[in-house]
Amino acid sequence: MDGADQLHGTTVLDSLPYYDNDLEQYPILREKVEKELAQEPKPPQGLHPRVPPPYELFKNNPMLAAELARVEAHQPLPPLDTIRYQLPAPTATPGTDDEWQAALRNAHAQLEHQRIRHTNLALLQSYGANAWRIHNYRLEEAAKQAEKALEELKEKTVELNRERKNTQTGYGAQLTALETRWTELLSNILQVEMANVALDAEVSRIRKREAELENM
């Protein structure tokens, strides 16, 4: 393992994917690993402690939150209310004074609404182009900042992977050297043991020969 990090009581271990290639060299090891992993308990379903909590959008705007929920649920857009654009007359003939007063108030409201729309269209014609250019400029600046942050994050990711590769390659070379040294020492020990066995056999043969000469 490359390293361990104590985080909230949890040990995070890092493997050596840039060095360990035993699974590719020995396919039978992969089967054993998969069999062993199948017996391990399943990892927790919760997020890692380092993952920040989800950000709640439009917390202070219930109307936008409801619209976002509608879009996420793939619900159709509610139809426009066209009743307020109509001028209904009293249904009864002749209508009562209250009904005609309500129709008159509705007509005044519609007339005021049309006057405000005309004012808004005039303002839009005078200042809308510049306001739209400023809005587009701000969007472009926001997009540039996001792209810059993305490139910086990519560079950090590449640098981190490069550093991990260099570190693991160095550790791998050390492990290989230690493994080679261990193999050599083990071979030397076996040779010494075999030489000891041969010497013991030679000593026994000489002692036996010496005993035979003394008895002659």
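Residues numbered from 1 in each chain as written. Predicted model: local features only at pLDDT ≥ 70, side-chain atom pairs only at ≥ 80, totals over all residues. Heavy atoms only, no water.

1. Describing the overall build of the protein
The criterion, for reference: Helix numbers and strand numbers start at the N terminus; a helix is a DSSP run of H or I with at least 4 residues, a strand a run of E with at least 2. In this setup the radius of gyration rests on C-alpha atoms only. A globule is expected at 2.2 Å times the number of residues raised to 0.38. Throughout, exposure labels follow a simple rule: accessible area from a 1.4 Å probe, protein chains only, divided by the maximum for the residue type, with under 20% read as buried, over 50% as exposed, and the rest as partly exposed. By definition, residues are in contact when any of their heavy atoms lie within 4.5 Å. Surface accessibility in these figures is a Shrake-Rupley result with a 1.4 Å probe; residues are shielded only by whichever protein chains are displayed. We count Lys and Arg on the positive side and Asp and Glu on the negative side, and we leave His and both chain ends out. One atom stands in for each charge, and that atom is NZ of Lys, CZ of Arg, CG of Asp or CD of Glu.
Counting its regular elements, the protein contains four helices and two strands. The C-alpha radius of gyration of the protein comes to 42 Å, more than 25% above the 17 Å expected for a compact globule of 216 residues. Along the three orthogonal principal directions, the C-alpha set of the protein runs to about 155 × 40 × 30 Å. The burial tally for the protein puts 5% of its 216 residues in the buried class. Put simply, 44% of the contacts in the protein that link residues at least 6 apart link residues at least 24 apart. Carbon together with sulfur atoms contributes 60% to the accessible area of the protein, which is approximately 19900 Å² in total. Computed over 25 positive and 34 negative side-chain charges, the inter-centroid distance for the protein is 4 Å.

2. With respect to the confidence of the model for the protein
Condition: The predictor reports its confidence for every residue as pLDDT, a score running from 0 up to 100.
Here the protein averages 85 in pLDDT, while 93% of its residues score no lower than 70. By mean pLDDT, strand β1 (residues 3-7) is the weakest element of the protein at 44, and helix α3 (residues 62-72) is the strongest at 92. Segment residues 1-8: pLDDT under 50, and 24 contacts once partners within four positions in sequence are set aside and those in other chains are kept.

3. Examining the pattern of salt bridges
Think of it this way: side chains of opposite charge can pair up when their charged atoms draw near. For the record, the criterion: The working definition used for a salt bridge is a side-chain nitrogen of Lys or Arg within 4 Å of a carboxyl oxygen of Asp or Glu.
Per the stated rule, a full pass over the model turns up six salt bridges. Here Arg 115 and Glu 112 are joined by a salt bridge, their closest N and O atoms 2.4 Å apart. A residue pair is termed a helical-turn pair when its members lie 3 or 4 positions apart in one helix, as Arg 115 and Glu 112 do in helix α4 (residues 97-215) at three residues. Under the relative-accessibility criterion, Glu 112 is labelled partly exposed at 36%. For the salt bridge of Glu 202 with Arg 205, the shortest nitrogen-to-oxygen distance reads 2.4 Å.

4. Here's the deal with a nonpolar patch on the surface
Convention followed: Within the patch definition used here, like charges are joined within 9 Å and nonpolar side chains (Val, Leu, Ile, Met, Phe, Trp, Tyr) within 5 Å, considering only residues with over 30% relative accessible area and no salt bridge.
Taken together, the side chains of Leu 23, Tyr 26, Ile 28, Leu 29, Val 33 and Leu 37 define a hydrophobic patch exposed on the protein surface, amounting to about 520 Å² of accessible area. Looking at which element gives the most residues to the nonpolar patch, the answer is helix α2 (residues 27-39), with four residues. Within the element layout of this structure, Leu 29 appears in helix α2.

5. Details of a negative patch on the surface
A grouping of Glu 147, Glu 151, Glu 152 and Glu 155 is seen on the molecular surface, where their side chains present a negatively charged patch. Within the secondary structure, Glu 152 is located in helix α4. What makes Glu 152 partly exposed here is its relative accessible area of 40%.

6. Some words on unusual backbone geometry
In this structure, Phe 58 is a non-glycine residue whose phi angle is positive, near 55 degrees. Relative to the helices and strands, Phe 58 resides in the loop between α2 and α3.

7. Considering the side chain of Gln 110
Inspection of the secondary structure puts Gln 110 in helix α4. Residue Gln 110 is classed as buried on the basis of its relative accessible area, which comes to 10%. Those residues in contact with Gln 110, other than ones at most four positions away along the chain, are Arg 84, Tyr 85, Gln 86 and Leu 87.

8. Digging into the environment of Arg 84
With respect to the element layout, Arg 84 can be found in the loop between α3 and α4. Looking at Arg 84, the relative accessible area reads 52%, which means it is exposed. C-alpha of Arg 84 to C-alpha of Ala 38: the two residues are 46 residues apart in sequence and 65 Å apart in space.

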